[in-house]
Amino acid sequence: MLQSNNIILRNRRNFNFPIIFGCLFLLFAVCYFSTTNVQLAYSQEYIFERQFGSAGTSLGEFSQPQGIASDSSGNIYITSFTSLSNQIQKFTSNGTFITSWGSLGFGPSRFTNPSGITIDSSDNVYVADFGDPENAIQKFTSNGTFITLWGSFGLGDGQFINPGGIDTDSSDNVYVADFGENNNIQKFDSNGNFIMKWGSPGTADGQFINPVSISVDKSNNNNNVYVLDKSNNRIQKFDSNGNFIMKWGSPGTADGQFNSPDGIATDSEGNVFVADSENHRIQKFDSNGNFITKWGSMGSGDGQFRHPASIATDSEGNVFVADSDNDRIQVFKQVSKSSASNAVPVS
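Residues numbered from 1 in each chain as written. Predicted model: local features only at pLDDT ≥ 70, side-chain atom pairs only at ≥ 80, totals over all residues. Heavy atoms only, no water.

## Considerations on the pairing of strand β9 (residues 125-129)
Along β9, 5 of the 5 residues are buried, which leaves the element largely enclosed by surrounding structure. On β9, burial covers both faces: Val125, Val127 and Asp129 on one face and Tyr126 and Ala128 on the other are all buried. Pairing analysis gives 4 bridges linking strand β8 (residues 114-119) to β9, with the strands arranged antiparallel. Residue Ile117 lies in a different strand from β9, and its bridge partner there is Val127. Remark: 5 residues form the turn of the hairpin made by β8 and β9, two consecutive strands paired antiparallel; Asp123 in that turn has positive phi of roughly 65°. In terms of strand pairing, β9 meets strand β10 (residues 136-140) through 5 bridges, oriented antiparallel. Its bridge partner being in β10, Asp129 is matched across the sheet by Ala136. (Buried < 20%, exposed > 50% of the residue type's maximum accessible area, 1.4 Å probe, protein only. Helix = DSSP H or I, 4+ residues; strand = E, 2+ residues; numbered from the N terminus. Pairing = 2+ DSSP bridges.)

## Re the sheet that holds strand β24 (residues 281-285)
The antiparallel open sheet is built from 4 strands, whose spatial order is β22-β23-β24-β25. In this open sheet, the two edge strands, each paired with only one partner strand, are β22 (263-266) and β25 (291-295). Direction aside, the axes of adjacent strands within the sheet are offset by 20° on average. Here β22 pairs with strand β23 (residues 272-276) via 4 bridges, running antiparallel. Residue Thr266 lies in a different strand from β23, and its bridge partner there is Val272. (Axes fitted to C-alpha atoms, helices over the stretch in contact; angles between N-to-C directions.)

## Thoughts on the pattern of salt bridges
This model, assessed by the stated rule, comprises 9 salt bridges. For Asp205, the salt bridge goes to Lys247, with nearest N and O atoms at 2.8 Å. Placement of the pair is Asp205 in the loop between β17 (194-198) and β18 (211-217) and Lys247 in strand β21 (residues 244-248), with a sequence separation of 42 residues. Residue classification places Asp205 among the partly exposed residues on the basis of a relative accessible area of 42%. A salt bridge links Lys230 to Asp262, with the shortest nitrogen-to-oxygen separation between them at 2.6 Å. In this pair, Lys230 is assigned in the loop between β19 (224-229) and β20 (234-238) and Asp262 in the loop between β21 and β22, connecting sequence segments 32 residues apart. Look at Lys230 and you get buried, because its relative accessible area is 19%. Classification of Asp262 as partly exposed rests on a relative accessible area of 24%. (Salt bridge = Lys/Arg side-chain N within 4 Å of Asp/Glu carboxyl O.)

## Topic: the packing of aromatic side chains
Following the criterion strictly, the structure yields 23 aromatic pairs and no others. Between Phe62 and Phe91, the aromatic rings sit 5.6 Å apart at their centres with planes inclined by 55°, giving tilted as the arrangement. Of the two residues, Phe62 is situated in the loop between β1 (45-52) and β2 (65-70) and Phe91 in strand β4 (residues 87-91); the sequence distance between them amounts to 29 residues. For Phe91, a relative accessible area of 1% puts it in the buried group. One aromatic cluster in this structure is built from Tyr46, Phe48, Phe273, Trp295, Phe305 and Phe332. (Phe/Tyr/Trp six-rings, centres within 6.5 Å; stacked < 30°, edge-to-face > 60°.)

## Description of the layout of surface pockets
Empty space within the second largest pocket amounts to approximately 200 Å³. Around the second largest pocket, the lining comprises 14 residues; the ones closest to its centre are Ser315, Glu316, Gly317, Asn318 and Gln334. Elements with a minimum of two residues in the lining of the second largest pocket: β1 and β28 (328-335). For the lining of the second largest pocket, a count of residues per class yields 3 nonpolar, 6 polar and 5 charged. (1 Å grid on protein atoms, 1.4 Å probe; cavity = no way out; pocket = protein on both sides within 12 Å on 5 of 7 lines; lining within 4 Å. Points joined across faces, edges and corners; volume = space filled by probe spheres on them. Nonpolar A, V, L, I, M, F, W, Y, C, P; charged D, E, K, R; others polar.)

## What to know about unusual backbone geometry
Even without being a glycine, Asn183 presents a positive backbone phi close to 45°. Relative to the assigned elements, Asn183 resides in the loop between β15 (174-178) and β16 (184-188). Within the chain, His307 stands out as a residue other than glycine whose phi angle is a positive 60°. As for its placement among the helices and strands, His307 is situated in the loop between β25 and β26 (308-313).

## As for the confidence of the model for the protein chain
Averaged over the protein chain, the pLDDT score is 87; the fraction of residues at 70 or greater is 82%. For residues 23-43, every residue scores under 50 in pLDDT, and the model assigns this stretch 6 contacts once sequence neighbours within four places are set aside. This stretch, residues 337-345, has a pLDDT under 50; its non-local contacts, to residues over four places away or in other chains, come to 8 contacts. (pLDDT = per-residue confidence, 0-100. Contact = heavy atoms within 4.5 Å.)

## Remarks on the environment of Thr168
By the secondary structure assignment, Thr168 is in strand β14 (residues 163-168). Between the C-alpha atom of Thr168 and that of Tyr126, which follows or precedes it by 42 residues, the distance is 8.9 Å. Here Thr168 is in contact with Thr118, Ile119, Asp120, Tyr126, Asn173, Val174, Val216 and Lys218, once residues within four sequence places are set aside. Separated by 3.3 Å, the side chain of Thr168 and the backbone oxygen of Ile119 make a polar contact. (Polar contact = N/O pair within 3.5 Å; in protein donor to acceptor, adjacent residues only side chain to side chain.)

Right under this line is the structure:
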């Protein structure tokens with residue numbers, strides 16, 4: 001073989017430069033894209049950053065935290081809807097308690113089952129409160145001062161059976177997911193004036209069985225709406241006028257499958273996060289439903305969950321999870337290869 005190689009090298013007229021260069025280019029391409037894929041995969045690692053909260057009814061404690069949202073300053077707002085803790089609590093991003101408001105009852109600043117919560121561009125706070133006879137949306141300033149209330153029990157426009165999920169778009173319109181008999185999405189302006197609705201009970205495209213959570217993708221002002229269709233174990237995507245775009249998900253434990261998911265959120269890049277409650281994990285997808293990564297398992301350790309109920313993201317890419325049955329909030333950080341060298345990933 002060595003002799004043959006020497007003969008070929010001496011006879012340069014038989015030396016095929018295009019083939020050699022082609023092979024070298026192919027080798028370079030394989031190495032480059034392999035490295036790129038490794039870096040992209042690694043960049044999707046999430047590590048446990050911190051947690052705050054514990055079981056109880058005192059300030060800074062939780063009794064099954066349900067909804068979670070972040071404002072423009074990174075402050076975190078949390079709802080709890082047991083009979084012991086019908087209130088809204090506000091914290092810094094590090095978990096330092098700031099203030100709280102609300103109590104059990106009906107009417108302004110009183111709640112039956114405060115569940116979904118969201119923040120608009122002016123840092124006003126909207127809370128979806130379900131349970132006969134309340135079934136209403138309440139709006140507050142960021143310090144808890146009551147602004148307005150709308151909604152009542154029923155099947156008509158602006159009425160609800162169980163309003164659970166809530167979010168706003170880049171124009172501060174409010175979208176409410178009603179997971180009761182209505183099984184629909186209703187859209188309002190920021191003052192509670194009814195605009196439109198879509199959806200009905202069922203399994204077809206644009207139909208729902210218990211749409212418990214909703215998230216509006218405000219990246220690039222596209223305002224696409226993602227609905228967590230809980231009992232159908234899927235995500236449905238719509239434009240801001242309720243036109244069906246696509247769906248993904250099915251029952252199961254594999255990547256991209258769900259088991260009674262409870263919460264959904266989007267980040268500033270348009271990625272979609274799902275609290276896969278009965279699978280005790282978080283899954284991340286791109287805006288087209290392609291699976292990116294996952295983390296979590298059942299338990300009470302760092303990075304473990306017992307029925308994660310909802311998710312929020314902040315401008316820095318941190319992910320906040322309301323770990324309902326562990327009565328705490330867990331915070332996760334997306335890390336690059338360089339910053340992950342001394343960290344233990346939870347995915």
